Amino acid sequence: MTDTTTDNKTDKPNYKKTLNLPKTSFPMKANLVQNEPASLKRWDTLADKQGLYHAMQETSEGRKRFVFHDGPPYANGSIHLGHLMNKTLKDLVVRSKFMAGFHCPFVPGWDCHGLPIEHKVMTDLVESGKAAKLDGLTDDQRRTAVRRECKTYADKQIKLQAGQMKRLMTVADYEDPYLTFLPRYEAGVLEVLAGLCEQGLVYKALKPVHWSVANETALADAELEYQDREDLSVYVDFEASDATAVFNAFGLEESDHPGATPSFMIWTTTPWTLPANLAIAVHEKFNYALVRVDGNLTVMAVDAIERVTKLAKSEEVETLATTTGDKLVGLSYAHPFISEAPKPINDPDADTSKCYSIVHADYVTLEDGSGLVHTAPGHGADDYMTGLKEGLPVYCPVLGDGTYDTTTPDWLAGMSIWKANDLVAQRLTESGHMFHAYKFNHSYPHDWRSKTPVIFRCTEQWFVAVDAPTKRDGHTLRQMAMKSTGDDRSVNYVPAWGRNRMRGMLESRPDWCISRQRSWGLPIPAFTLPSGDAFMTAASVRAVNQIIETKGSDAWFADDPASLLAHYNPSEDADAPDELKDGSVSFDQLTKGHDILDVWFESGSSWNAVMRRRSGGEDFPVELYLEGSDQHRGWFQLSLLPALGVMGRPPFRTLLTHGFMVDKDGKKLSKSAGAALKDLFDRYGVDVLRWWVSSLAYENDVKVDEEFFKLAGESYRKIRNTLRFMLSNLDDYEAQDNPDFSDFHVHSLHAWVLGEFNTLVDKVTEAFEKYAFHEAHKLLYKFCNTTLSAEYLSAVKDRLYCDAPDSERRRRTQQTLVVLTDGLCKLLAPILCHTADEAYRALHKVDQKDKSTCVHLTGFPTKVNLETATAWPKLWEQLERAMKAAEDTRASSDIDNPLDLGIKLPDPEGTFEWFNSEDLADICGVSRFEFTKDSEIGITDLRDQPRCDRSWKRDTTVKQRSDGGMLSDRDAQALGLD
RNA sequence: GGGCCUGUAGCUCAGUUGGCUAGAGCGCACCGCUGAUAACGGUGAGGUCGACAGUUCGAGUCUGUCCAGGCCCA
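Each chain carries its own residue numbering, running from 1 in the written order of its sequence. Naming scheme: in the order in which they are written, chains are lettered from A and ligands are numbered from 1. Thresholds applied to this predicted model are a pLDDT of at least 70 for local features of residues and 80 or more for the giving and counting of side-chain atom pairs; totals over whole chains, interfaces and linings are not thresholded and use all residues. Remark: hydrogens and water are excluded; side-chain values derive from all non-hydrogen atoms of the structure.

A. Inspection of helix H13 (residues 417–430) at higher detail. The first and last C-alpha atoms of H13 sit 19 Å apart over 14 residues, in line with the 20 Å expected at 1.5 Å per residue. In this analysis, two residues are considered to be in contact whenever any of their non-hydrogen atoms come within 4.5 Å of each other. In this text, helices come from DSSP runs of H or I with a minimum length of four residues, and strands from runs of E with a minimum of two, each type numbered from the N-terminal end. Packing partners of the buried residues in H13 comprise strand S8 (224–239), strand S16 (434–447) and strand S17 (455–464). N-cap assignment for H13: the residue whose side-chain oxygen lies 3.1 Å from the backbone N of Trp418 is Ser416. Positive backbone phi, approximately 80 degrees, marks Gly432, located one or two places after H13. Helix span is expected to be 1.5 Å times the residue number reduced by one. Pairing of N or O atoms within 3.5 Å defines a polar contact, subject to two protein rules: one partner must be a possible hydrogen donor and the other a possible acceptor, and residues neighboring in sequence count only if both atoms are side-chain atoms.

B. Here's a closer look at the packing of aromatic side chains. Two aromatic rings from Phe, Tyr or Trp, using only the six-membered ring of Trp, form a pair when their centres are within 6.5 Å; if the ring planes differ by under 30 degrees the pair is stacked, by over 60 it is edge-to-face, and anything between is tilted. All chains considered together, the criterion is met by 34 aromatic pairs. Arranged with centres 6.1 Å apart and planes meeting at 55 degrees, the rings of Phe768 and Phe773 form a pair that is tilted. Using a relative accessible area of 2% as the deciding quantity, one classes Phe768 as buried. One aromatic cluster is present, formed by Trp752, Trp872, Trp876, Phe912, Phe915, Phe929 and Phe931 through successive ring pairs. The ring of Phe463 is capped by Lys207, whose NZ or CZ atom sits 4.9 Å from the centre of that ring. For Arg457, the ring lying beneath its charged end belongs to Trp211, and the centroid distance is 4.5 Å. Exposure categories follow from relative accessible area, calculated using a 1.4 Å probe and restricted to protein chains: below 20% of the type maximum is buried, above 50% is exposed, and the middle band is partly exposed. Only lysine NZ and arginine CZ atoms are considered, and such an atom sits over a ring when it is within 6 Å of the ring centre and within 35 degrees of the ring normal.

C. Layout of the protein's contact with RNA strand B. In the region of RNA strand B, 41 residues are neighbours, and Tyr226, Arg501, Gly666, Asn721 and Lys797 sit closest. In this structure, a base oxygen belonging to RNA strand B sits 2.6 Å away from a side-chain N or O atom of Arg501. Take Lys668: an N or O atom from its side chain is 2.9 Å from a phosphate oxygen of RNA strand B. Among the elements of the structure, helix H15 (498–508), helix H25 (706–728), helix H27 (773–802) and helix H30 (872–892) are those that each provide at least two residues to the surface near RNA strand B. Per element, the largest residue contribution to the surface near RNA strand B is eight residues, and it comes from H27. Each residue gets one of three labels, nonpolar for Ala, Val, Leu, Ile, Met, Phe, Trp, Tyr, Cys and Pro, charged for Asp, Glu, Lys and Arg, and polar for the others, Gly among them. Partitioned by chemical class, the residues of the surface near RNA strand B number 15 nonpolar, eight polar and 18 charged. Residue proximity to a molecule or strand is established when one non-hydrogen atom of the residue lies within 4 Å of it.

D. Just the sheet that holds strand S7 (residues 217–218), in detail. Pairing is antiparallel in the open sheet, where four strands are placed in the order S7-S6-S17-S19. Whereas interior strands pair on both sides, the edge strands pair on one side only; in this sheet they are S7 and strand S19 (512–513). At least two DSSP bridges between two strands are required for those strands to pair.

E. View of the packing of H25 against helix H29 (residues 833–843). Axes, fitted as lines to C-alpha atoms, cover a helix only where it is in contact. Angles between the N-to-C directions of the axes lie from 0 to 180 degrees. Between H25 and H29, the shortest axis-to-axis distance is 10 Å and the interhelical angle comes to 5 degrees. Relative to H29, the element H25 is oriented roughly parallel. Along the contact surface, H25 presents Tyr716, Arg720, Leu723 and Leu727, while H29 presents Thr835, Glu838, Ala839, Ala842 and Leu843. Here the contact of H25 with H29 is built from residues that sort into six nonpolar, one polar and two charged. Working definition: roughly parallel below 35 degrees, roughly antiparallel above 145 degrees, roughly perpendicular at 65 to 115 degrees, and oblique for all remaining angles.

Written out as structure tokens, the structure reads:
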């Protein structure tokens, strides 16, 4: 009996209801925005409500470890597109390593100290009027109060960001992250500082550093932003103090001497540094000329004459003589408005005898200026080096607030340097020293926070020396860094060019200034002796650290020096200052330093503060650091240096970098464009965003545009629909635990697709292993769309729909489908966390109440143990040709339906005799397939043969059955008809 | 200005050591199916490989210069 109803028009039975049509509760519409949070909630119940991360850790307990270390984002503001990529890529690593069979602990971290938070908090305090209350407090009390506010603020930001990162479905130990302000973290940082002290790499010195006038603090390289700025640029004549010497240098005889006094022309874009001028630098090898310009005699580089005089619109230009730079070295000059070389305010005995003379410097160029470079050792890195070399004092007459001190002329003392620019220029013009002045635009370093221009200024700072020999073996940090990033291959780079980039930066980096003059940070536990000398040794740092580890760094501000040094015994410290050793100075005569550590020193110590300390020393070095390519100079390098200093080896084995987000035209992304992440969660769903991230060639710049998320959504729906179609054909099938494929024929369609699946498993796991997520994405996409949707699934539709439900052929197909669907869910799991689990649960018919079945606690699929006929690839080539021929026939005839066609494929050698012609007909989408001895492909028109009313195939067995319908044997059997 | 990197169809990307008419997906156009249907299948049109020189029998691939863009630095 059948329940066949009758088609009204034709009076023939309607067989649609007799088919095994797809059926599933897995919806076509993903509704990610609603359903993802539900998945997150379900995963939170795993491992006794400790959540998915802990469940994964428990599941993988005892397996081989893959140690991956999270670089801490700064705890400020909502996460943006950059975080989306960074955190998702990291999550792809964590999840794929777990699925690949590793134990992969992952501790997320936050960079909590530092200027941005302190600045924000101070701004808020000022705006709310609370700042006034701080004024009455002592220095330490004020700092402590500010620090309390900062901590509250940071805590809030961490909660905000952690919530968003969880919504991104990233798995990490969010219950116990590392936070740089926690005492145990701070202790880990001070251990590193002590280790560097022990190696003799930490020193205090007067050095020109980038100085933020607005925030009155030294800034690290990483805290600078280059912005265009209009400045006053001046060409100034410095009169020679001995005219004859100059003429002689140019080889002029007494009789040739022009009457006037010659000058040296310098060029500067910072007129405010002229009061600090102590020398003029030339290049020994360059050619210089004595030139008469509109009546004045001046010296400038030959190559600069035309450019400079044109700029100044000079009318008469006459070169009197030329000479080389080395002849000028040693000549002296008079400062245009300072009669006697000044002495630094805190060094009244400084030797100024070498001041105001011409010196040589390598960095002099001919591209800009006059070829003679104004040199102020207190206000520039190059100038400072020259000053050291030439024995000039480090003269810096500018105070922290950007005003001149009392060593400058009366008309400048107390004045802001920004105001002084114009005044100095005016003065030079009046005194006739100004050759030319003009405004010009250039890229100039700015304080990243206040956006104000920074200056170079000499201050007392703590440094880590990169060129000082370590006590361990005499190697310097730079030598070790170059070695470990070089040919000994102890560090791998993804992509490979990271090595060159890193080395380029290490080659040229200066000593690391690790001190800052702020409150929100980890204090540098240094003291000042009554003599004025600084006191900080490895042992003293470790002693103070015992206090800080238990009480936190607030103790530095709350406790007196004697309490802080309670665990310190100078007699046991070889490096202790004599006055402490002999007891002539007691601890209560010490004063505490006010500097805090550069936040980069804190994050750069995370290999110790997090990885070593949490693992009892085991997790060092770690396998992988993964960050944006800006971290070659930032976190990577600043983790490498301390680790080399303390441990003698790099903290990481592999450095993976990703590029930056740019707009669709490849231009830098504006801040506002990167801000709308929350909106993206709500419009596309996280699986779509993750699908997009996995598709990126992340090594380079990543273009981002609204359109790309839409495309990712389209592509996601294709994957989803393939999964859905497979699930819908498994509705009446009970999967076995260990399906047996041993009796599957090697030439069967199933063997082919399972062979393809096995290849997919290999390639995808390999792609994940080498962090080529883009490749895994493409492979998975292609498998779903081509191998499955277009090829296998379209071929097996007929047997799934029309064969008797329990027939062996249909059940085998379903057995195959289960493996494919299950495997696909597992391979997709690291990327499409929600969808993969949703499909996995649907496949295994998991009850709503069962919260514990989860694809994320499984692993990548194992390959199916089944041989596949080796002739398949060759056969496919022939099938492609045949299908093309069929398609051509269809296009050039009145045949619309491929099922009205039959294919005869030449196989004169009998190569393909073992293949099943029904399988091949189904692959080609035609009704009949046979091999022929002919040499040409034959396409036959089958329209003169009866068509099965149920399967719509034309088949020789089709005839009228007892219910009146025209059916093939297979369909009649399926219906139990004769 | 310097270091590292990028520039291949409208879009996103493949193109091993230089070697057959430069590939894929998306998008687009057209066709089929209407028993995966806010789906599915098929066919097709799109490229002076950033520009210009050079090396070579031969260059998307190697070299140089330039242009555009990114990161880092000055």
